[in-house]
Amino acid sequence: MTPPAVVLLSGGLDSATVLAMARAEGLACHALSLRYGQRHALELLAARQVASALGAVQHVVLDLDLTVFGGSALTTRTIDVPKAPERAGAASSDGIPVTYVPARNTILLSLALAWAEVLGAEDIFLGVNAVDYSGYPDCRPEFIEAFQRLVSRATAATTGGREIRIRAPLLHLGKADIIRRGIALGVDYAMTVSCYDPDDTGAACGECDACHLRLQGFAAAGVTDPGRYRVRG
């Protein structure tokens, strides 16, 4: 029997790469996405395409409206998504970018953990990265390590002796290396949406931090980004 795994899938470049990596290990990948009120909800259409193209055995999209809390440029229209040239200074008073969604990865991993326990999965994959990233606190190695400690105490499965591993294979990779690995595994990055503020057709703005990191990664990898942009900033 093929062992199951839960893969958090946003529809972006990193999570698509992680899904391909999990599939390459021979795991039966159950993809999980969250419709949380994000302004870039087009990423969920991308997630559906990616899940199908990369052979996920199941793709679940959960609804959890984080706009009730707000607190992020991605969950409220009262905070603008920073664009060049102001992007570099677009942070809150504590230095965290305004595109940080409070506790998002903690929420996502908690949902993935619940599903993993039901599926009997021993692996949960997510695409966080601590090299070429926006500085979010829940993308750091310390966060992954802390959540892994919580997992070992939080469920009936782990209390009963079963191991559930939090897998973050991109954690220490630069964006160019991530792209190279994805291409080698057959990821079609034209399907992915990384932009925080795409237009209604799915074209990326080309000026937000996510677009900047993506374009920079493709350039460093020596590969043309197949994504559509309003501006290639």
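Look above for the structure.
The structure reproduced in this document is the subject of the present report.

Cut-offs used in this document
Residues numbered from 1 in each chain as written. Predicted model: local features only at pLDDT ≥ 70, side-chain atom pairs only at ≥ 80, totals over all residues. Heavy atoms only, no water. Pairing = 2+ DSSP bridges. Helix = DSSP H or I, 4+ residues; strand = E, 2+ residues; numbered from the N terminus. 1 Å grid on protein atoms, 1.4 Å probe; cavity = no way out; pocket = protein on both sides within 12 Å on 5 of 7 lines; lining within 4 Å. Points joined across faces, edges and corners; volume = space filled by probe spheres on them. Nonpolar A, V, L, I, M, F, W, Y, C, P; charged D, E, K, R; others polar. Salt bridge = Lys/Arg side-chain N within 4 Å of Asp/Glu carboxyl O. Buried < 20%, exposed > 50% of the residue type's maximum accessible area, 1.4 Å probe, protein only.

Some remarks on the pairing of strand 3 (residues 58-63)
One ladder, built from six bridges, connects strand 2 (residues 28-35) with strand 3; its direction is parallel. The residue bridging H30 from the neighbouring strand is Q58, located in strand 3.

Thoughts on the layout of surface pockets
In this structure, the largest pocket occupies an estimated 250 Å³ of space. A190, T192, V193, G202 and R228 are the residues nearest the centre of the largest pocket, which is lined by 17 residues in total. Those elements giving two or more residues to the lining of the largest pocket turn out to be helix 2 (42-53) and helix 7 (209-221). It is helix 2 that contributes the most residues to the lining of the largest pocket, three residues altogether. Taken together, the residues that form the lining of the largest pocket break down as nine nonpolar, six polar and two charged.

Overview of the pattern of salt bridges
Inspection of every chain in the model, using the stated rule, returns nine salt bridges. We note a salt bridge from E25 to R167, for which the minimum N-O separation is 2.5 Å. Here E25 is found in the loop between helix 1 (13-24) and strand 2, whereas its partner R167 is found in strand 5 (residues 165-167), with 142 residues between them in sequence. Ionic pairing is found between E163 and R165, a salt bridge with its closest N-O pair at 3.4 Å. We classify E163 as partly exposed; its relative accessible area is 47%. Residue class for R165 comes out partly exposed when judged on its relative accessible area of 27%. One salt-bridge network, in which partners are shared between bridges, spans E25, D123, E163, R165 and R167.

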